[in-house]
Amino acid sequence: MIPVPAFLFNPERFMAFSRWAAPMFGGLAVLLALAGLYLGFLAPEDYQQGDTVRIMFIHVPAAWMSMFVYSCLGVASFLSLVFRHALADAAAQAAAPLGAAFTGLALITGSLWGRPMWGAWWVWDARMTSVLVLFLFYVAYMALRAALDDETKAARAAAILALVGLLNLPIVKFSVDWWNSLHQGASVFRFDGPTVADVFLYPLILMALAYMSAFGSLWLLRIRGEVWRRRADVLAQRAARA
Amino acid sequence: MLDFDASPYGAYVWPAFAITALVFVGMIVSALSHARHWRARTEALRQIALLAEAPRPPAPPSEASAP
């Protein structure tokens, strides 16, 4: 058993941990974002893309987070489905709106970047279409949970849907290699090293870390809210029986 | 030197940053309000449960039984 998840499987320990970890990650996100934005606006214009290259610092981390958050949703759903662990289910439920927000952000900022560079707000190329499908999986997950009154059944059905949606992640990742796309291929996570110039790479990495820390903080906060909600439900049911 | 002059692409660059800021503010407000709401609700229900379980104080003596 991995020590950290095992430690966090206990709701009381999770609440004690997240009480200080959520604000700590939030503070870290602010510092990293300030540093990333500073370096981002210090960087020169790109020789081809001009100032639109600065959209990269907010668009690319959002796109990375859209996939990372879905991976978290998938793992939490798997743990919830197999081990019936309430905290894993709360983690999955808490991740979905954040993932949808990051994916929506990636689509909107991508559109704002695409218009001046490609001459179109939207094209049905493989990368954009698969990211739109990812967004729809997030929305479907949340809609399914909200649609069923029985919370146990809703959690199970939504977990299965989340696991099915995992199949879309490699399609998003490798879509630029498998099909012709307006998007460029991978330029940061490559075996032979990044092809992005350092003046753009450093702010990009700082902003990605800022997004990651912000997600960590908000995820913990939302899981805490979910734990409180479930405790309130139990207390309300007890009060109704008394 | 910081370069805030995004011309001729300002119409695309600044809305992208503004929307990003809005989405982050929305995520923060939503997460905080969700957690605070349910924490307050749980505390209130816990207080009600404690009051219901607490032993009732003895009734004050009535005037008829008073010496």
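Residues numbered from 1 in each chain as written. Chains lettered and ligands numbered in written order. Predicted model: local features only at pLDDT ≥ 70, side-chain atom pairs only at ≥ 80, totals over all residues.

1. Looking at the environment of alanine 147 of chain A
Logical step 1: Turning to its location among the elements, alanine 147 of chain A is positioned in helix H5 (residues 126–147).
Logical step 2: For the pair alanine 147 of chain A and valine 164 of chain A, spaced 17 residues apart in the sequence, the C-alpha separation amounts to 19 Å. (Helix = DSSP H or I, 4+ residues; strand = E, 2+ residues; numbered from the N terminus.)

2. Examining unusual backbone geometry
Logical step 1: Serine 7 of chain B connects to proline 8 of chain B through a cis peptide bond whose omega is 5°.
Logical step 2: Looking at where proline 8 of chain B falls in the secondary structure, it is placed in the segment before helix H1 (10–53).

3. Here's the deal with the packing of helix H3 (residues 56–83) of chain A against helix H7 (residues 168–178) of chain A
Residues and elements named next belong to chain A.
Logical step 1: H7 packs onto H3 with a crossing angle of 160° between their chain directions and a minimal axis gap of 10 Å. By the angle between their axes, H3 is roughly antiparallel relative to H7. Our pair here, H3 against H7, has a crossing hand that is left-handed. Contacts from Met67, Tyr70 and Ser71 in H3 reach Leu169, Val172 and Lys173 in H7.
Logical step 2: In the contact of H3 with H7, the residues fall into 4 nonpolar, 1 polar and 1 charged. (Axes fitted to C-alpha atoms, helices over the stretch in contact; angles between N-to-C directions. Parallel < 35°, antiparallel > 145°, perpendicular 65-115°, else oblique. Left-handed = near helix turned anticlockwise from the far one by under 90°. Contact = placed C-beta atoms within 7 Å. Nonpolar A, V, L, I, M, F, W, Y, C, P; charged D, E, K, R; others polar.)

4. Quick notes on the packing of H3 of chain A against helix H4 (residues 86–118) of chain A
Packed helices, taken two at a time, are described by the angle their axes make and the gap between the axes.
Residue and element names in this part refer to chain A.
Logical step 1: In contact at an axis separation of 7 Å, H3 and H4 are set at 160° when each is read in the N-to-C sense. It follows that H3 is roughly antiparallel to H4 by the angle criterion. In this structure, the crossing between H3 and H4 has a hand that is left-handed.
Logical step 2: For the contact of H3 with H4, the residue count by class is 21 nonpolar, 8 polar and 1 charged.

5. Some thoughts on the confidence of the model for chain B
Logical step 1: Looking at chain B as a whole, the pLDDT averages 87, with 91% of positions reaching at least 70.
Logical step 2: This prediction of the complex comes with two scores: 0.91 for pTM and 0.92 for ipTM. (pLDDT = per-residue confidence, 0-100.)

6. Digging into the nonpolar core
Logical step 1: Membership of the largest hydrophobic core comes to 79 residues, with the highest contact counts inside it found for Val69, Leu73, Ala91, Ala95, Leu98 and Met207 of chain A.
Logical step 2: Counting only elements with at least two residues in this core, the list comes to helix H2 (11–42), H3, H4, H5, helix H6 (151–165) and helix H8 (198–241) of chain A together with H1 of chain B.
Logical step 3: Ignoring sequence-local partners within four residues, the contact set of valine 69 of chain A consists of Ala95, Leu98, Gly99, Phe102 and Phe215 of chain A. (Core = buried A, V, L, I, M, F, W, Y, C linked by C-beta atoms within 7 Å. Buried ≥ 20, exposed ≤ 12 C-beta atoms within 10 Å, placed from the backbone.)

7. Some points on the interface of chain A and chain B
Logical step 1: In this complex, chain A contributes 32 residues to the contact, which on the side of chain B involves 29 residues.
Logical step 2: Every element with two or more residues in the side of chain A that touches chain B is listed here: H2, H4 and H8 of chain A.
Logical step 3: No other element matches H8 of chain A, which puts 14 residues into the side of chain A that touches chain B.
Logical step 4: Taken together, the residues that form the side of chain A that touches chain B break down as 20 nonpolar, 4 polar and 8 charged.

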